[in-house]
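# Structural overview
One-letter residues, chain by chain:
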Amino acid sequence: MKLTLRLILSLFIGITLVVAVFSWIQINNEKKQLQADIERRSIILAESLRESVSTLIETAQIERLNRLVEKFGNRERLKGVAVFDASGNIISSDSFIKSHISKTPVEVVNVLAEKKPKSNLIKIEKEKFYIYVVPIFSDAFEEKPLIGALALFQDASYIDIRLKEMWKQNILRLLALTISIVTISLLVIKWNITGPVARMAEWLKELRTGKIKNPPSDVPVKGDVLAPLANEVTNLIKTLSMIKAKAEEEERFKAVTDSLWTAERLKEFIRMELGDKKLFLISNREPYMHIREGENIKCVVPAGGLVTALDPVMKACDGVWIAHGAGDADKEVVDTEDKIRVPPEKPSYTLKRVWLTKEEEKKYYYGFSNEGLWPLCHITYVRPVFRKDDWIEYQKVNEKFANALLDEIKDEDSPLVLVQDYHLALVPLLIKQKRPDAKIALFWHIPWPNPEVFGICPWAREILIGMLGADLIGFHIQFYCNNFLDTVDRFLESKIDWEHFSIERRGQITTVKPFPISVSVEDFSDNFENKAELKVKLLKELGITAEHIGVGVDRIDYTKGILERFLGIERFLEKYPQFIGKFSFIQFGSPSRTHIKQYREIMDAVEEVADRINWKFQSNNYKPIIFLKGYHSHSKIIPFYKVADICMVTSLHDGMNLVAKEFIASRDDESGVLILSQFAGASRELKDAIIINPYDIESIADAIYEALIMDEKEKTERMRKMRSFIQERNIYRWTRDLIAALVRL
């Protein structure tokens, strides 16, 4: 009996200690997580407000500043917002601050003194608050002087409430667990230990006293103590095996998490997340186009970042890609369901083509999409054109794409759909109306303007409503997400959650997040053993001689800054004449949207400027600009990426621009310099490029000179950092992030 009591007491104490320790760890982790969450929300909100507050302070628009502060103040857990000047005096605050804060908080004083963000947990009238303060700098001057500080006061009392509730729940669990285990232990001891041990003791006594001469092979008692002991040992072995397997799995998962995302890893991720479900992708542009060359049919890859980015994803997923069949031989190669397996050299997924009439293509694609939405979203000062006939056709074609997709997913449960770009803004709602179980993501590949600009579109509300049929809307950078939420707030009656960046309208919740798109490094890793020989070979094919080579790859589009690039090269040769005869720039230009007047004009202008500059500087076998107009495969472009001293991306406005990332992905020699426009989304990530303003021709010229004279050590260091970033943030990780965000909503 004493042994049983000691066992029970030991068991009780042991359970209590274990539960107490794990409860403390759990609650401590929960506390850290809650504090990290409130800090993250504060940082996001502060960053989204800082630019607006800075502008309003600089322009002394106190009334607008007060409205902004009141708009965000006292929202859910955000209790108060205050703006201070550089001396620590309150410029603007909401009602909570006015009634509870009588003097400048110490955190604000420290921020103004140290010019960096500060945060702290403080008490105001016995209530706990989290204060986050960020300095505000003026952008009107080059030295960016400090002009004030922005303070956010978050209600942190819920943290203590949550922790107390957890302690209470864990104590109740401890009592229930202890009672259960003690009760079960008593029964186990009585039925499986005490009785069998007593019988075994009697058997041993009989054996000792000689009553049993020859001990049997089995213990002569029912419920032999060795049997449950053997069972427990077996169970223990199983448990240890499970623990070991789990530990190995955790180690394997950790190793996988820390490693780079690849096509195989994406396949495994999609298999785990989707099981047997397919991934459905819908876009205007098809990844492979079949065209006629004489009597033969040739398969080509259309120009554009969308195809470059998503083709590797679909190869990894074996999904269905629905797109407009634009090739003159597309109909000749599809089956009866308008499908074909692609790519032709190694079929990996299904392409389903949607057929458009010439009238539909003219008004939906060339008209509304590219004479209207494209210039509307790109701030390049080309006036957008909106015609009612184009809008009507845009709606009809969106319905045609939606019906093609609905036909494909009719036998799918909760299908996963990725809608691509501005051509199909109405498709998410059209799908959601027919298939509310579908999980839909819309990725917008181009910039999103501010509400004032987007309001130019006569059908702005209809486009926004169509987009909000998606469960998830993705943009390249956070700035575009902010603009989109501002636009919805301006034009639609909806509930906007600025903390979680989501929109609720008529029961539909849409999350808006940034997903910076990228490329697959493996697709640009062709190995050329001797770069010097390759360079000589390429120059010979072009019929020129040059010591230094630059490369540019673009669709011929007024947003790409090709004219500015050529003018920058001209100015470079004027300022640094020692490079005349030594520097040549190879520009790959794919004709695009030639049915539109502005595109024909930009193509003529680019050719005219290139000819003028060549006439000015060329001699014998030397030309400063080699303009290669036409459709070019990656296999043709990659060798030029490999040998180029510089790659120039001078976009006047660009959602991301994957040429910059393609160039970096191709440079396994960790050499070469990227010159990148500050107006391309990629400039937010590729900080080690030479960042330029494409409107500043002098800065382009100086950037070329800086790149050509840069020492090899600095080139390698810059390129290594950018390659490491691209390898880590590749297209497979982009897809993982997008799909994970969608399926876990």
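Going by an unreviewed UniProt entry, the chain carries the name Trehalose 6-phosphate synthase and comes from Thermodesulfovibrio aggregans. Quoted verbatim from the Sequence similarities (unreviewed entry) heading of the UniProt record, the comment on the chain is "Belongs to the glycosyltransferase 20 family."

## Some points on the pairing of strand β7 (residues 289-293)
Within a regular strand, side chains alternate between the sheet's two faces. As paired elements, β7 and strand β8 (residues 296-300) share five bridges and run antiparallel to each other. Pairing of Arg 292 across the sheet is with Ile 297, part of β8. Count of turn residues in the β7/β8 antiparallel hairpin: two residues, of which Gly 294 carries a positive phi of about 70°.

## Some points on the sheet that holds strand β21 (residues 646-649)
If you trace the six strands from one edge of the open sheet to the other, you get β20-β19-β18-β21-β22-β23, paired in parallel fashion. The open sheet is flanked by β20 (625-629) and β23 (690-692), the only strands paired with a single partner. Strand-to-strand twist of the sheet, defined as the mean angle between neighbouring strand axes without regard to direction, takes the value 20°. Of the pairings in the sheet, the one linking strand β18 (residues 548-555) to strand β19 (residues 583-590) comprises eight bridges and is parallel in character. In the strand pairing of β19, Asp 554 is matched with Gly 589. Here helix α17 (residues 562-575) sits on the sheet in contact with β18, β19, β20 and β21, set at roughly 170° to β19.

## Describing the pairing of strand β3 (residues 118-124)
Strand direction decides the pairing type here: β3 and strand β4 (residues 127-137), joined by seven bridges, are antiparallel. Bridge pairing in β4 links Leu 121 to Tyr 130.

## Remarks on helix α12 (residues 427-434)
Taken as a whole, α12 has its buried residues at Val 427, Pro 428, Ile 431 and Lys 432. All buried residues of α12 project into a common sector of 125° when viewed along the axis, lining one side. Residues Gln 433 and Lys 434 are exposed on α12 and point more than 90 degrees away from its buried face.

## Considering the packing of aromatic side chains
This structure, assessed with the given rule, holds 31 aromatic pairs. Seen in terms of ring centroids, Trp 374 and Tyr 422 are 5.8 Å apart; in terms of plane orientation they differ by 45°. Their pairing is tilted. Of this pair, Trp 374 sits in helix α10 (residues 358-377) while Tyr 422 sits in the loop between β12 (416-420) and α12; the two residues are 48 residues apart in sequence, bridging distant segments of the chain. Trp 374 gets classed as buried once you look at its relative accessible area, which sits at 5%. For Tyr 422, a relative accessible area of 1% corresponds to the buried category. Considering the side-chain rings of Phe 572 and Phe 583, the 5.5 Å spacing of their centres and the 75° angle between planes classify their relative orientation as edge-to-face. Residue Phe 572 is found in helix α17, and its partner Phe 583 is found in strand β19; the two are separated by eleven residues along the sequence. Put simply, the rings of Tyr 364, Phe 368, Phe 386, Trp 391, Tyr 394, Phe 401 and Trp 459 touch in pairs and so form one group of aromatic residues. The positively charged end of Arg 593 is found above the aromatic ring belonging to Trp 374, 4.3 Å away from the centroid.

## A look at the UniProt feature "transmembrane region" (unreviewed entry) in the chain
This chain's UniProt record puts "transmembrane region" (unreviewed entry) on residues 6-25 and 171-191. Helix makes up 100% of residues 6-25 and strand 0%, and the two end C-alpha atoms of the span are 28 Å apart.

## So, the packing of helix α11 (residues 388-408) against α12
At a minimum axis separation of 9 Å, α11 and α12 run at an interaxial angle of 45°. Of the possible angle classes, the one that applies to α11 and α12 is oblique. Where α11 crosses over α12, the handedness of that crossing is right-handed. Of the residues in α12, those in contact with Asn 398, Glu 399, Phe 401, Ala 402, Leu 405 and Leu 406 of α11 are Val 427, Leu 430, Ile 431 and Lys 434. Of the residues in the contact of α11 with α12, the class split is seven nonpolar, one polar and two charged.

## Describing the packing of helix α20 (residues 659-666) against helix α22 (residues 712-728)
The interhelical angle for the contact between α20 and α22, taken along N-to-C directions, is 110°, at an axis separation of 9 Å. Relative to α22, the element α20 is oriented roughly perpendicular. Across the interface between the two elements, Lys 661, Phe 663, Ile 664, Ala 665 and Ser 666 from α20 touch Met 719, Met 722, Arg 723 and Ile 726 from α22. Split into classes, the residues belonging to the contact of α20 with α22 amount to six nonpolar, one polar and two charged.

## Here's the deal with the nonpolar core
Ile 431, Trp 444, Phe 484, Phe 566 and Ile 704 are the most contacted members of the largest nonpolar core, which has 126 residues in total. No other element matches the nine residues that helix α1 (residues 2-58) contributes to this core. For Ile 431, the contacting residues outside a window of four places in its chain are Ala 402, Leu 405, Leu 406, Ile 409, Val 417, Ala 438 and Ile 440. Counting 78 residues, the second largest nonpolar core, distinct from the first, contains Tyr 288, Phe 524, Met 722 and Leu 742.

Rules of the game
Residues numbered from 1 in each chain as written. Predicted model: local features only at pLDDT ≥ 70, side-chain atom pairs only at ≥ 80, totals over all residues. Heavy atoms only, no water. UniProt positions renumbered as here; feature names shortened; annotations may be inferred. Pairing = 2+ DSSP bridges. Helix = DSSP H or I, 4+ residues; strand = E, 2+ residues; numbered from the N terminus. Axes fitted to C-alpha atoms, helices over the stretch in contact; angles between N-to-C directions. Contact = heavy atoms within 4.5 Å. Buried < 20%, exposed > 50% of the residue type's maximum accessible area, 1.4 Å probe, protein only. Arc of directions from axis to C-beta. Phe/Tyr/Trp six-rings, centres within 6.5 Å; stacked < 30°, edge-to-face > 60°. Lys NZ or Arg CZ within 6 Å of the ring centre and 35° of its normal. Parallel < 35°, antiparallel > 145°, perpendicular 65-115°, else oblique. Left-handed = near helix turned anticlockwise from the far one by under 90°. Nonpolar A, V, L, I, M, F, W, Y, C, P; charged D, E, K, R; others polar. Core = buried A, V, L, I, M, F, W, Y, C linked by side-chain atoms within 4.5 Å.

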